[in-house]
Amino acid sequence: MVTFLDPFATWIQTTQLAFVMRDNQWLWAFCETVHFLGLAMMVGAIGALDLRMLGVAKQIPMRPLHRLVPWGIAGFVANLTTGIMFYSADATQYTHNIAFQFKMLFVLLAGVNVLYFYGAKVSQRVEALGPGADAPMSAKVVAASSLFLWFGVMYWGRMLPFIGTAF
Amino acid sequence: MEFLTWVEQLPFSTWVRESGSLYGYSLILTLHTIGLALLMGISFAVDLRLIGFAGETPVAPYERFFPYLWLGFWLNAISGVILLMADATTKMINPVFYVKMTLIALAVWNVTIIRKRMFGNSFPANAKTLAWISIFLWIGATTAGRLMAYLGPVAGLQ
């Protein structure tokens, strides 16, 4: 289904990174821990913002809450980095794992959602929201999509060893 | 040990562990991950605010986020008990499990202190310290949780 990725998978599997990941159980365990902390940071920062847009804790004005976003991005970068490290170790298996494919699809959709949020200026309308102000419907749709997609990413991530061909 | 074996051999525990159903072990693990994200994530958000990394947001409305934090806590308490039942004989004799439980107990206790002081009458001077303690306890608990799959008696797929 995604055979176009096979050359890339075959290549990354033979890099130094892949060897180090396969040979070093403790590095793997460390990366798993970072991956969990990263996902918690994302949910904490982005999820709090989403909840505010959906009407929870409305007394918090948007602008200062928006300052949590860099922490969510930091969590994402940590997870992207550790994710590439895991992927390299067993790239062909992951590439053809249906749970992995869905996980990546959900990550991409979450990315599109972020682009829409900033690109369509929904963010600007939301930024100005003071204490108690209700977010516009477009922002609520973005927020609900974001929560659904990120929790979906967690679901597919957890399913990696259980659905499809993994391990 | 007999009791642990009995718990582990209960039809429910056996089903969770061995059925291979997507509603068994894998679903419980997913709920445990989602609970972790809610409990720790919202705790982090509050901690970051207290430390001063989220600017001058008024603190009081953050109280509205706490029900989601507790939802995460109960999700993990329940899913955690089920995971423990499924692998009682290995997890209950793994020292790392007790380290994890201790760190979580301290972290949750700390969360209740933060909540009480933050939303009480006087904003505490040691709020930043409590927030840093919170972050380190959660990092410790996550690390211990992961290490249960590597150290001591290890059960099945983690």
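Along each chain, the written sequence defines residue order, and numbers are assigned to residues from 1. Here every chain gets a letter starting at A, and every ligand a number starting at 1, in the order they are written. Restriction of local features to residues with pLDDT of at least 70 applies here, the model being predicted, together with a cutoff of 80 or more for giving and counting side-chain atom pairs; totals for whole chains, interfaces and linings are based on all residues. Just so you know, side-chain values use all the structure's heavy atoms and leave hydrogens and water out.

Draft legend 1. Here's a closer look at empty space enclosed by the protein. All names here are of chain A. Using only the protein atoms, space was sampled on a 1 Å grid; points where a 1.4 Å probe fits but cannot get out form cavities, open sets with protein on both sides within 12 Å along at least five of seven lines form pockets, and lining residues are those with an atom within 4 Å of a point. Grid points are joined across faces, edges and corners, and a volume is the space filled by probe spheres set on the points. On inspection of all chains with the given rule, the structure shows 4 cavities of 30 Å³ or more. Within this model, the largest cavity holds a volume of roughly 60 Å³. Taken together, M42, V43, I46, G47, D50, S146, L147, W150, F151 and M154 form the lining of the largest cavity. Charged means Asp, Glu, Lys or Arg here, nonpolar means Ala, Val, Leu, Ile, Met, Phe, Trp, Tyr, Cys or Pro, and polar covers whatever is left, Gly included. Across the lining of the largest cavity, the residue classes break down as 7 nonpolar, 2 polar and 1 charged.

Draft legend 2. View of the packing of helix α9 (residues 137-159) of chain A against helix α3 (residues 25-51) of chain B. Orientation is described by axes fitted as lines to C-alpha atoms, over the contacting stretch for helices, and by angles from 0 to 180 degrees between their N-to-C directions. Going along the chain from the N terminus, every DSSP run of H or I of four or more residues is numbered as a helix, and every run of E of two or more is numbered as a strand. α3(B) packs onto α9(A) with a crossing angle of 140 degrees between their chain directions and a minimal axis gap of 9 Å. By the angle between their axes, α9(A) is oblique relative to α3(B). In the packing of α9(A) onto α3(B), the handedness of the crossing is right-handed. In this structure, α9(A) uses F151(A), M154(A), Y155(A), R158(A) and M159(A) to contact α3(B), whose residues at the interface are S26(B), L27(B), L29(B), T30(B), T33(B), I34(B), A37(B) and L38(B). Broken down by class, the residue content of the contact of α9(A) with α3(B) amounts to 9 nonpolar, 3 polar and 1 charged. Working rule for angles: under 35 degrees goes down as roughly parallel, over 145 as roughly antiparallel, 65 to 115 as roughly perpendicular, anything else as oblique. Definitions for this section: a left-handed crossing has its near helix turned counterclockwise from the far helix by less than a right angle. A right-handed crossing has that turn clockwise. Residue contacts are defined here by distance: any two heavy atoms, one from each residue, within 4.5 Å place the two residues in contact.

Draft legend 3. Main features of the environment of K140(A). Among the structural elements, K140(A) can be located in helix α9. With 43 residues separating them in the primary sequence, K140(A) and N97(A) have C-alpha atoms 33 Å apart.

Read these as layout, nothing more, since geometry by itself doesn't imply function.
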